Amino acid sequence: MLVLVAPGQGAQTPGFLTPWLELPGAADRVAAWSDAIGLDLAHYGTKADADEIRDTAVAQPLLVAAGLLSAAALGAGTSAADAAGTPGVVAGHSVGEFTAAALAGVLDDTAALRLVRTRGLAMAEAAAITPTGMSALLGGDPDVTVAHLEKLGLTPANVNGAGQIVAAGTLEQLAALEADKPEGVRRVVALQVAGAFHTHHMAPAVAKLEAAAKELSPADPTIRYVSNKDGQVVTDGAEVVARLVGQVANPVRWDLCMETFQELGATALIEVCPGGTLTGIAKRALKGVATVALKTPDDLDAARTLIAEHAAV
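Only a predicted model underlies this, so the values are computations on that prediction, with no experimental measurement involved.

Enquirer: Explain the packing of helix α12 (residues 254-263) against helix α13 (residues 277-285) residue by residue, including any values.
Expert: Close contact between α12 and α13 brings their axes to 12 Å; oriented N to C, the two are set at 60 degrees. In terms of orientation, α12 and α13 fall into the oblique class. Considering how the two elements wind past one another, α12 and α13 form a crossing that is right-handed. Contact residues: α12 offers Trp254, Met258 and Gln262, while α13 offers Leu278, Ile281, Ala282 and Ala285. Residue composition of the contact of α12 with α13, grouped by class: six nonpolar, one polar and no charged.

Enquirer: So what about the packing of helix α4 (residues 56-73) against helix α6 (residues 96-103)? Which residues, and what values?
Expert: At a closest axis distance of 8 Å, the pairing of α4 and α6 adopts a crossing angle of 35 degrees. As α4 runs across α6, the sense of the crossing is right-handed. On the side of α4, the interface is formed by Leu63, Val64, Gly67, Leu68 and Ala71, while α6 contributes Phe98, Thr99, Ala102 and Leu103. Residue composition of the contact of α4 with α6, by class: seven nonpolar, two polar and no charged.

Enquirer: So what's going on with the nonpolar core? Which residues, and what values?
Expert: Formed by 78 residues in total, the largest nonpolar core has its most connected members in Tyr225 and Ile270. For this core, the element with the most residues is α4, which contributes 10 residues. In this structure, Tyr225 is in contact with Val90, Glu97, Ala100, Ala101, Ala104, Gln232, Val233, Val234, Val240 and Leu244, ignoring residues within four places of it in sequence. In this structure, Cys257, Met258, Leu269 and Ile281 belong to the second largest nonpolar core, which totals 18 residues.

Enquirer: Can you break down the environment of Val289 residue by residue, with the values?
Expert: Here Val289 is to be found in the loop between α13 and β10 (290-293). Given the relative accessible area of 16%, Val289 is considered buried. For the pair formed by Val289 and Ala127, sequence separation is 162 residues and the distance between their alpha carbons is 37 Å. Those residues in contact with Val289 that sit more than four places away from it in its chain are Ala266, Thr267, Ala268 and Leu269.

Reading the values: the criteria
Residues numbered from 1 in each chain as written. Predicted model: local features only at pLDDT ≥ 70, side-chain atom pairs only at ≥ 80, totals over all residues. Heavy atoms only, no water. Axes fitted to C-alpha atoms, helices over the stretch in contact; angles between N-to-C directions. Helix = DSSP H or I, 4+ residues; strand = E, 2+ residues; numbered from the N terminus. Parallel < 35°, antiparallel > 145°, perpendicular 65-115°, else oblique. Left-handed = near helix turned anticlockwise from the far one by under 90°. Contact = heavy atoms within 4.5 Å. Nonpolar A, V, L, I, M, F, W, Y, C, P; charged D, E, K, R; others polar. Core = buried A, V, L, I, M, F, W, Y, C linked by side-chain atoms within 4.5 Å. Buried < 20%, exposed > 50% of the residue type's maximum accessible area, 1.4 Å probe, protein only.

All we've got here are geometric facts, nothing functional implied.
And the structure:
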């Protein structure tokens, strides 16, 4: 059984969209999306530097656009949902959940991008209230790590499995973490994000996203959609959207998502552009599951081979 996943914020790098825009019809599709959300996605995906695409209001729609574009390139469909109709499961990490919602047919591509544009702007505003950030902790016992984070006033914002937890909080709290790592943790790595996402610091963004979500008419998923909230399969479109809204200020449980992939019989996993982060975790946590990360169009053939071998399993 094939799982299709979408990465979250921090996966973007300068120029990563450039080769994808060379595919037939890709530039026109991205131009239409850019007009719909009032953001020049092609510019930010090809010419902007690391600081420009670190901006939450830019990074989030850019990542979703890249994921949808690369998923559509896997097949001949006119939308990402059509092209990605072969997976048994879809899921996304953090903002990648918006990509997954479109791939599952809950929202059309443009609606997903409009909603994530609102999300990015609202989260950027919330992040500006207090200087905050996020750091990944590698290694250690999860229970020990979580207790240590709570002692420092930090939130385990992403519980990713495979020995990785992401802490979020104020810059002062993160500095204290650098100086006082939990027992067993090998490294603490600051992430290229501009706020303490999935914590109470993002609460001001939830109301704005709720208001925007009321304008939507979501459909029920046509592919099994696994939620970051608790790793459960969600079958109701309105519930998917409600979870997208609430997840902004609540931890991502990617570890539970991967447990569900295993329970459902996953044999292969493809990560849409800019792939690499989630396939890296899967290689450590989902032993025996074949993986392909879509980084450039050169990876499409390997992904299509995986689809042919595993989509019907």
